[in-house]
Amino acid sequence: MAEQPHRDPEPDLLRTLRRGQIVTGTVIEIAGFGVTFVDIGGFTAMINIPELSWRPIDHPSDVVAVGQEITTEILDIDLSRRRVSLSLKALENDPLRDLRRSVGRIVTGPVTKVVPFGVFVRVEDTDRGFEGLLPSAELGVEPPAVGETVTVQIKQVDVMRRRIELSRSSGSADEQTGT
């Protein structure tokens, strides 16, 4: 009796997957270079950092943990390289779209970064909140320092370019909103 040749089940699994398909898997590794590896039924797929969250993150462990079961969407399948790319954020609403409704609103937030062309100010009251740019032309002679709280107006939210433009507010947030 001849021995049956060992057949690798991975190509069979890969052929059953489709772009846009929703799959559940378990996070098996978070690599130091930011890629998260997920076991989806015996095949290891990956999620690149930009596909983990709509919000700014420093490291994948800000969003997922090894051993965690997650539901993702398949972005791409490369049969020749035996790679499957996943997205966690594809199954969530983009919170920046909601922030568009805040255009014109006065907010108070900390300066998170000073750059040659302005300062970035957190416009949401969470650690991973979105930041907007207050341009140098709006700063006056002495720009605020990192950590300093400033009151700004949300001037524009560009969802496609992932940018929030701010302008200097003339009064306090309480005065502007009537609270």
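The rules we used
- Residues numbered from 1 in each chain as written.
- Predicted model: local features only at pLDDT ≥ 70, side-chain atom pairs only at ≥ 80, totals over all residues.
- Heavy atoms only, no water.
- Helix = DSSP H or I, 4+ residues; strand = E, 2+ residues; numbered from the N terminus.
- Contact = heavy atoms within 4.5 Å.
- Salt bridge = Lys/Arg side-chain N within 4 Å of Asp/Glu carboxyl O.
- Pairing = 2+ DSSP bridges.
- pLDDT = per-residue confidence, 0-100.
- Core = buried A, V, L, I, M, F, W, Y, C linked by side-chain atoms within 4.5 Å.
- Buried < 20%, exposed > 50% of the residue type's maximum accessible area, 1.4 Å probe, protein only.

### Thoughts on the side chain of Thr72
Positionally, Thr72 belongs in strand E4 (residues 69–78). Leaving out residues up to four positions away in the same chain, Thr72 has contacts with Gln21, Ile22, Val23, Ile47, Leu86, Ser87, Leu88 and Leu91.

### A few points about the pattern of salt bridges
Opposite charge on two side chains lets them pair, provided their charged atoms get close. Taken as a whole and assessed by the stated rule, the structure comprises seven salt bridges. Between Arg162 and Asp94 there is a salt bridge, with the nearest N and O atoms lying 2.5 Å from each other. Residue Arg162 is found in the loop between strand E9 (149–158) and strand E10 (163–168), and its partner Asp94 is found in the loop between strand E5 (83–87) and helix H2 (95–99); the two are separated by 68 residues along the sequence. Close ionic contact of Asp158 with Arg161 constitutes a salt bridge, the shortest N to O distance being 3.8 Å.

### Looking at the pairing of E10
If a strand is regular, its side chains alternate between the two faces of the sheet. Pairing of E9 with E10 involves six bridges; the strand directions are antiparallel. Bridging from a neighbouring strand, Ile154 pairs with Leu166 of E10.

### Some points on the confidence of the model for the chain
Regions with low pLDDT should not have their predicted coordinates read in detail. In this model, the chain carries a mean pLDDT of 88, and residues with pLDDT of at least 70 account for 88%. Counting contacts from residues 172–179, a segment whose pLDDT is below 50, to residues more than four positions away or on other chains yields ten contacts.

### Some words on the nonpolar core
One finds Leu17, Val38, Ile40, Ile70, Ile74, Val84 and Leu86 to be the most contacted residues of the largest nonpolar core, which totals 18 residues. Mapped by element, the contributors of at least two residues to this core are strand E1 (22–30), strand E3 (44–47), E4 and E5. Among the elements that make up this core, the one with the highest residue count is E4 (three residues). Those residues within four positions of Ile40 in sequence are excluded, and the remaining contacts are Leu13, Leu17, Val23, Thr24, Gly25, Ala45, Val84 and Leu86. Grouped together as the second largest cluster of nonpolar side chains are 17 residues, Leu96, Val111, Val123 and Val157 included.

### Some points on unusual backbone geometry
Phi angles above zero are rare outside glycine, and Arg82 is one such case at about 55°. You can see Arg82 is positioned in the loop between E4 and E5. Judged by its relative accessible area of 34%, Arg82 falls in the partly exposed class. With a phi angle near 60°, Arg162 is a residue other than glycine that sits in the positive phi range. For Arg162, a relative accessible area of 34% puts it in the partly exposed group.

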